[in-house]
Structures are given as C-alpha cells and as structure tokens.
Amino acid sequence: MNSLNRRRNHGSRGNAFTCFFAGSETALTAASRARMTALEKEGNKHAALVNRIRSRKEKMIGALLLGNTLVITLSSALATSVFIRMVGETGIVYATLIMTMVVLIFGEVLPKTYAIHHADSMAMKVAPAVHLRIGQVAEILSGDAGQELPVDARELAAYARHRLRAAFLAAD
C-alpha cells in the first residue's frame, strides 16, 4: 500500500472517531436521567456507567472535546498533505473545503442527529469506551498512571495555556 492510500485510510478512521466523539457527547448528555436511574436500579451495568460518567460531566466533556479536536486536526493535516501531493499548493484550499464539509456532515450533523433520536441506547453502548477515554486523558495529562488528575474544561484550558507558554519561552 503506497503512502497516499495509507493517508486516505487514516482519514477514514479519523472521521469514524469524530463521529464517535460527537455522537457520544450528544447521547450522554441527552439520555433520560430517569430511565438511566431506573435501569441502574434494575441492575443494568451500562446504565450505571452512564450515570457515573454524567456525574463527572466536566471530565466527560473535556475528554471528548480533546479527543475530537485531536482527530479533526490530524485528519485535516493528512487531507492537506494528500491534496498538496495531488495538485500542489492549491490542495490546501481543496483540503480545507472538503474537510469542512466532511467534518460538518459526517462528524457533527449525522452522529448528533442519530444520538438525539437514540440517546438512551447509544449512551449505554458508548459508555464503556467513553469511560476508558476519560481515564486515558487523565493519565496523559497527569503523566502518572497512579495519580488521578481532574480533567474539566477550565483545568484543561489552563494546562494547555501553561504548556504553550512554556513552549514559546523555550523557543526564544
């Protein structure tokens, strides 16, 4: 498989991950609290996990947004690289236009529309993977697998600002 086909395959996987992150966020926030609580009382482990994730909404949103941003950025960079190889510098414009439409339609509108209409079932299906992602993000940011780092949107933004400032100062 040549490098161009490999990049195309990575882009397809990136779009699948974008669908996952966007749909998961919508499903987990739109799922019926009453239904999840009732199912948890009946012994449904996935409903219990949904309730546990939702009780830590800041961590959930932080992990899903970080994952989605990472995937969209990587997919866009790969698409730009492919289009530049195909048509030269004009490829930047093509990649931007195409990735905007792909991300908007397949990475945002379709998965979120599906998630709104199937919130309860989808939330229970994605809960184990989202729970794992939240743990992975906390581990990456803490740098220590044994140390729990609260990952909410404000702390994530402060951490990013601190790391960027350090990188810029190191570059001077």
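Whatever comes next refers back to the structure up there.
Residues numbered from 1 in each chain as written. Predicted model: local features only at pLDDT ≥ 70, side-chain atom pairs only at ≥ 80, totals over all residues. Heavy atoms only, no water.

Draft legend 1. Spotlight on the overall build of the protein. For the protein, the count of helices and strands is seven helices and zero strands. Residues counted as buried form 33% of the 172 residues belonging to the protein. Considering only contacts in the protein between residues 6 or more positions apart, those separated by 24 or more positions represent 75%. Of the roughly 10,400 Å² of accessible surface on the protein, 63% is carried by carbon and sulfur atoms. (Helix = DSSP H or I, 4+ residues; strand = E, 2+ residues; numbered from the N terminus. Buried < 20%, exposed > 50% of the residue type's maximum accessible area, 1.4 Å probe, protein only. Contact = heavy atoms within 4.5 Å. Areas by Shrake-Rupley, 256 points an atom, 1.4 Å probe, with all protein chains shown as cover.)

Draft legend 2. Local environment of the nonpolar core. The biggest cluster of nonpolar side chains holds 23 residues, and the ones touching the most others in it are Leu28, Met36, Val50, Ile53, Met60 and Val130. Of all elements in the fold, only helix 1 (3-30), helix 2 (33-41), helix 3 (45-55), helix 4 (57-87) and helix 6 (119-142) reach the threshold of two or more residues within this core. At eight residues, the largest contribution of residues to this core is made by helix 6. Residue contacts for Met60: discarding those within four places in its chain leaves Leu28, Thr29, Ile53, Val130 and Ile134. If you look at the next biggest cluster of nonpolar residues, it comprises five residues, including Ala79, Phe83, Met99 and Val103. (Core = buried A, V, L, I, M, F, W, Y, C linked by side-chain atoms within 4.5 Å.)

Draft legend 3. Just a nonpolar patch on the surface, in detail. On the surface, a cluster of nonpolar side chains totalling about 540 Å² of accessible area is made up of Met86, Val87, Val93, Tyr94, Leu97 and Ile98. Of all elements in the fold, only helix 4 and helix 5 (91-117) reach the threshold of two or more residues within the nonpolar patch. Residue contributions to the nonpolar patch peak at four residues, all from helix 5. With respect to the secondary-structure elements, Val93 resides in helix 5. For Val93, a relative accessible area of 48% puts it in the partly exposed group. (Patch = residues over 30% accessible without salt bridge, like charges linked within 9 Å, V, L, I, M, F, W, Y side chains within 5 Å. Salt bridge = Lys/Arg side-chain N within 4 Å of Asp/Glu carboxyl O.)

Draft legend 4. Summary view of the pattern of salt bridges. This model, assessed by the stated rule, comprises two salt bridges. Linking Arg35 and Asp120 is a salt bridge whose minimum nitrogen-to-oxygen distance equals 3.6 Å. Residue Arg35 is located in helix 2, and its partner Asp120 is located in helix 6; the two are separated by 85 residues in the primary sequence. Exposure remark for Arg35: the relative accessible area of 43% places this residue in the partly exposed category. Owing to a relative accessible area of 19%, Asp120 belongs among the buried residues under this scheme.

Draft legend 5. Spatial organisation of the packing of helix 4 against helix 5. Orientation of helix 4 relative to helix 5, taken along the N-to-C sense of each, is 145 degrees, at an axis distance of 8 Å. Regarding helix 4 and helix 5, the two cross each other, and that crossing is right-handed. Between helix 4 and helix 5, the residues in contact are Asn68, Ile72, Ser75, Ser76, Ala79, Thr80, Phe83, Ile84 and Val87 and Gly91, Ile92, Tyr94, Ala95, Ile98, Met99, Val103 and Glu108, respectively. In the contact of helix 4 with helix 5, the residues fall into 11 nonpolar, five polar and one charged. (Axes fitted to C-alpha atoms, helices over the stretch in contact; angles between N-to-C directions. Left-handed = near helix turned anticlockwise from the far one by under 90°. Nonpolar A, V, L, I, M, F, W, Y, C, P; charged D, E, K, R; others polar.)

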